[in-house]
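Each chain, written out:
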Amino acid sequence: MNHAGKTCDIALDEAAAGMTLAVALLDAKGSVLLPQDAALTAATLAALRRRGIERCVVWSSEPAAAEDPAMLAQRREQRLRRLEYLFRHCADEAGSQALLAQLQIYRQEQP
Amino acid sequence: MSPDDISKAVRDLPSLPAVVSELLLSMEQEDLDPHALAAKITLDQALTAKTLRLANSSFYGMPSKVTTIQQAVSVLGFHSIRTLVTACALTGSFTPSPASGLDFPAFWRHAVASAVCARVLAPYCRINADTAFIAGLLHDLGTLVLATRFPQQYQQAIAYQRQHDCQSAEAQLAVFGVDHAAVGSALAAHWKFPPAILSAVAEHHRTPAPTPPGMQLPLATLIHVANTMAHALDLSEREDDQVPPLSLEAWQALDLSSVACSKVFHETEQLYHDMCQMLTP
């Protein structure tokens, strides 16, 4: 349900049915009224108003702007360098090298 | 440090709530009575309150509020509640001593990361996911004993580790003459942990003995891999963290494909962020 990871903090009056909560809504005692990723409905919005909730954080529906490929490449490079640093004492361990190879694939595939 | 010093340090620690010892023991029992245990949990009010707060957190996404342990058991299942109660009780048993220099938040982040990773890996070696989670959470328990009981020496161990850029166990051996795995297993014995969890605490840095084909992988081997993987996924957020050596036999025994590896890494990262909010004291 994560809409490209962008969130908006909005007044409850601006919230509409169909939006999805990015952060769980809690009451004054810290109990969860609605969990993260709950879809808002007309009924839940009315119930939240009755409870005096004024704001909520929802996942933004705007598509994320396309990222600069150079920035993406730089981030990947940083992740791979960090992996090398973490594995700095494991060059002679075959098990560690097998794990490192899998993590390099995983980190390269991340945005 | 002599073995006597270790057992004295361990004996001086607060004892676990009786119900937690019982819950830990029940992990290996098939014929347990969830209702009787739920009733016992309820007798410890602080534990009940913390468990209910967790059960009502966004992690479980409950449609309505759970107000009693019995209700939580029926909605989440007894196994989840047992894990939650045990985790709550154990993470609350140590008071950080600033003089020790131990980064407590980073310590717990690594404990939660190892727990989550062990839980995600558990189905690949047919080990109970709750037992794997608890063993992952507790594997470095000895570090807490050393840091809370001997803060000055612990600070020396940290300085040694920085100076030599070595594993924490190596620094502890140089300063204390024992490492956290040995101290942790003494505490696990004192607290009467189930034998599989005790072995996992004692042996998580050792190269595991090969598992004969067709035999179930020992919990200690799973924790050896989960601990390594948690460091490798960089979840403790410690700038100078390092991955401990991983035994090739242990890695091959899990027999994970590339697709399975990516799935395990991804699930661990996701679950970790949810769990951290709840479990780090």
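Residues numbered from 1 in each chain as written. Chains lettered and ligands numbered in written order. Predicted model: local features only at pLDDT ≥ 70, side-chain atom pairs only at ≥ 80, totals over all residues.

**Description of the overall build of chain B**
Here comes step 1: Assigned secondary structure in chain B consists of 16 helices and zero strands.
Here comes step 2: Counting across all 281 residues of chain B, residues that qualify as buried make up 48%.
Here comes step 3: Summarising the internal contacts of chain B: among those between residues at least 6 apart in sequence, 66% fall at separations of at least 24. (Helix = DSSP H or I, 4+ residues; strand = E, 2+ residues; numbered from the N terminus. Buried ≥ 20, exposed ≤ 12 C-beta atoms within 10 Å, placed from the backbone. Contact = placed C-beta atoms within 7 Å.)

**Thoughts on the packing of helix α7 (residues 104–121) of chain B against helix α8 (residues 129–138) of chain B**
All names here are of chain B.
Here comes step 1: Interaxial distance between α7 and α8 falls to 7 Å at its minimum, and their mutual angle equals 155°. On the basis of their axis angle, the class for α7 and α8 is roughly antiparallel. Helix-helix and strand crossings are classified by hand; for α7 and α8 the assignment is right-handed. Touching A111, V112, S114, A115, C117, A118 and R119 of α7 are A129, A132, F133, A135, G136 and L137, all from α8.
Here comes step 2: Along the lines of polarity and charge, the residues of the contact of α7 with α8 split into 10 nonpolar, two polar and one charged. (Axes fitted to C-alpha atoms, helices over the stretch in contact; angles between N-to-C directions. Parallel < 35°, antiparallel > 145°, perpendicular 65-115°, else oblique. Left-handed = near helix turned anticlockwise from the far one by under 90°. Nonpolar A, V, L, I, M, F, W, Y, C, P; charged D, E, K, R; others polar.)

**A short note on the domain arrangement of chain A**
Here comes step 1: Split into domains, chain A comes out as domain 1 (7–59) and domain 2 (69–109).
Here comes step 2: Distance from the C-alpha centre of domain 1 of chain A to the C-alpha centre of domain 2 of chain A: 39 Å. (Domains from an automatic or database assignment.)

**Some remarks on the domain arrangement of chain B**
When the parts come together, some accessible area is lost, and that loss is often what is quoted as the size of the interface.
All names here are of chain B.
Here comes step 1: If you check the domain split of chain B, you get domain 1 (17–92) and domain 2 (96–279).
Here comes step 2: Once you take the C-alpha centre of each, domain 1 and domain 2 turn out to be 24 Å apart.
Here comes step 3: Counting from both sides, the interface comprises 15 residues of domain 1 and, opposite them, 15 residues of domain 2.
Here comes step 4: Counting only elements with at least two residues in the side of domain 1 that touches domain 2, the list comes to α2 (18–26) and α6 (78–91).
Here comes step 5: With seven residues, the single largest contributor to the side of domain 1 that touches domain 2 is α6.

**So, the environment of B:S7**
Residues and elements named next belong to chain B.
Here comes step 1: Along the polypeptide, S7 turns up in helix α1 (residues 3–11).
Here comes step 2: Judged by the 15 C-beta atoms lying within 10 Å of it, S7 is partly exposed.
Here comes step 3: Here the alpha-carbon distance between S7 and V183, two residues 176 residues apart in the chain, equals 8.4 Å.

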